[in-house]
Amino acid sequence: MKKIQMVDLGGQYEGIKEQVNDAITEILETSAFINGPQVHSFSRELESYLGVKHVIPCANGTDALQIAMMGLGLKPGDEVITSDFTFAATVEVIALLQLTPVLVDVYPDSFNIDLEALEKAITPKTKAIVPVHLFGQCANMEGIMRLANKHNLFVIEDNAQAIGADYIFEDGSSQKAGTIGHVGATSFFPSKNLGAYGDGGAIFTNDDELAHTLRGIVNHGMYERYHHDVVGVNSRLDSIQAAVLRAKLPLLNEYCDKRRAAAAKYSIAFKNTEHIIVPAITSSCNCEIQLCKCHVFHQYTLKITNGKRDGLAQHLTQRGIPFGIYYPIPLHQQKAYLDERYKEEDFEVTNKLVKEVISLPMHTELDDEQIAFIAKSVIEYVEG
């Protein structure tokens, strides 16, 4: 059996090696390193894939979130509601802009923002909601948009983990993750489903005026060289990263299908276990995992319900199996984001999840032998 990796970027590279190498060589020969043809072509191709009017590339996913908030004109003191159970970047940019982060609990099955908790958190100061499509599955965007419309709020989709996923509406129609709210943001960090070979990110919107503003912000507030019309930042996707992303984009659906197939095999292996809870599909499509387009399995995250999660982590290490614990500490307990407004009883689900979750290797190169070995190792410890 080949060595198990959490993410096998080297194996994936072998399938696109010639195309990537040729594109990078062309960039080196033409010296079109910043805002070159590869960047513009990638933007157009991603717009077509997502079915969105505007894709604005930037330097990374954190910048994408920050620039989206800047483009919406949010002001210091405005409240922005988001999930307590997510990576810090989501709340980090809210704080950096001197907005007021408001953290709320999540659902125990999808790990995404709880609509009842979200609605309870809305105040006259609330100006935006940031749903996080965690681990590759969309938050309940239909419900979120209803709340946003009711209270006149912006919706900024944190789509860093779910590019390629479909959101299935109650009427059966679908739309790509990141394109439903007023603006969406994503990351092209190498381990993402659509990952570069360095940092990268992008912002999506169907709003022409907002897109114009965002294009200025990413480039020092300039629309004409040395004319600074808005306060901006320096956040650009470089041409080499765009070339890598262009090579991968036509394969994104195939990559997502391979992840779903691996997830289905994991879930079948864990089917009759008492203390191992597999990821749930919560979309209205009601599909089986390997057929469902609404989850792209950026992570395959189990819940270990008998108190053995930390012991399992040690057991996997001993067996040479990598894993991730996303996330071990709730954001409301992080030193940087402590706030007397938060009460522990308001985060019952998150406080439980941080003690139970563990993510197994998930990538396009996993084979049946590896999956069987990983599943057997988990079961023998948890259920043994």
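Residues numbered from 1 in each chain as written. Predicted model: local features only at pLDDT ≥ 70, side-chain atom pairs only at ≥ 80, totals over all residues. Heavy atoms only, no water.

Caption draft 1: The arrangement of the pairing of strand S2 (residues 79–83) in detail. Among the 5 residues that make up S2, 5 are buried, leaving the element largely enclosed by the rest of the structure. Judged from the 5 bridges that link them, S2 and strand S3 (residues 100–104) form a sheet pairing that is parallel. Residue pairing in the sheet places Thr82 in a bridge with Leu103 of S3. Crossover connection from S2 via helix H5 (residues 89–96) to parallel S3: handedness right-handed. Two strands pair when backbone bridges link them, and S2 and strand S4 (residues 126–130) are joined in this way by 4 bridges, in the parallel orientation. If you follow Val80 over to S4, its bridge partner there is Ala128. (Buried < 20%, exposed > 50% of the residue type's maximum accessible area, 1.4 Å probe, protein only. Helix = DSSP H or I, 4+ residues; strand = E, 2+ residues; numbered from the N terminus. Pairing = 2+ DSSP bridges. Right-handed = clockwise from strand over helix to strand, strands pointing away.)

Caption draft 2: Representation of the pattern of salt bridges within the structure. Going through the model one piece at a time under the given rule, you end up with 12 salt bridges. Among the ionic pairs, Glu45 bridges to Arg246, the shortest N-O distance being 2.6 Å. You can see Glu45 sitting in helix H3 (residues 37–50) and its partner Arg246 sitting in helix H9 (residues 239–248), a full 201 residues away along the chain. For Arg246, a relative accessible area of 25% gives the class partly exposed. We note a salt bridge from Asp368 to Lys265, for which the minimum N-O separation is 2.6 Å. Residue Asp368 is found in helix H13 (residues 368–382), and its partner Lys265 is found in helix H10 (residues 252–269); the two are separated by 103 residues along the sequence. Each of the salt bridges in this network shares a partner with another, and the network as a whole consists of Asp257, Arg260 and Lys293. (Salt bridge = Lys/Arg side-chain N within 4 Å of Asp/Glu carboxyl O.)

Caption draft 3: Quick look at the sheet that holds strand S8 (residues 183–187). Strand order in the open sheet made by the 7 strands is S1-S9-S8-S5-S4-S2-S3, with mixed pairing throughout. With partners counted over all chains shown, the strands left at the sheet margins are strand S1 (54–58) and S3, one partner each. In this sheet, adjacent strand axes meet at a mean angle of 25° when their direction is disregarded. With 4 bridges joining them, S8 and strand S9 (residues 201–205) adopt antiparallel strand pairing. Among the inter-strand pairings, Ser187 is bridged to a residue of S9, identified as Gly201. Helix H7 (residues 141–151) contacts S4 and strand S5 (154–158) of the sheet and is inclined by roughly 155° relative to S5. (Axes fitted to C-alpha atoms, helices over the stretch in contact; angles between N-to-C directions. Contact = heavy atoms within 4.5 Å.)

Caption draft 4: Representation of the environment of Ala280 in the model. As for its position among the elements, Ala280 is in the loop between strand S12 (276–277) and strand S13 (300–304). The partly exposed category is assigned to Ala280, whose relative accessible area is 25%. Sequence separation between Ala280 and Val55 is 225 residues, and the spatial gap between their C-alpha atoms is 30 Å. The contacts of Ala280, once residues within four sequence positions are left out, are Asp109, Gln137 and His295.

Caption draft 5: Structural view of a negative patch on the surface. Among the surface-exposed residues, Glu18, Asp22, Glu26 and Glu29 lie close enough to one another that they form a single negatively charged patch. Judged by relative accessible area, Glu26 falls into the partly exposed class, the value being 46%. (Patch = residues over 30% accessible without salt bridge, like charges linked within 9 Å, V, L, I, M, F, W, Y side chains within 5 Å. Areas by Shrake-Rupley, 256 points an atom, 1.4 Å probe, with all protein chains shown as cover. Lys, Arg positive; Asp, Glu negative; His and termini not counted. Charge placed at Lys NZ, Arg CZ, Asp CG, Glu CD.)

Caption draft 6: Highlighting the nonpolar core. Ranked by internal contacts, the top residues of the largest apolar core, which has 44 residues, are Phe42, Leu46, Ile81, Ile144, Phe188, Leu194 and Phe204. Secondary structure elements with two or more residues in this core: H3, S3, helix H6 (115–121), H7, S9, H9 and H10. Residues contacting Phe188, with those up to four places away along its chain left out, are Phe42, Leu46, Ile163, Leu194, Gly195, Ala196, Gly198, Gly200, Gly201, Ala202 and Leu245. In terms of nonpolar packing, the next biggest core, distinct from the first, is built from 24 residues, Ala68, Leu99, Leu210 and Ile217 among them. (Core = buried A, V, L, I, M, F, W, Y, C linked by side-chain atoms within 4.5 Å.)

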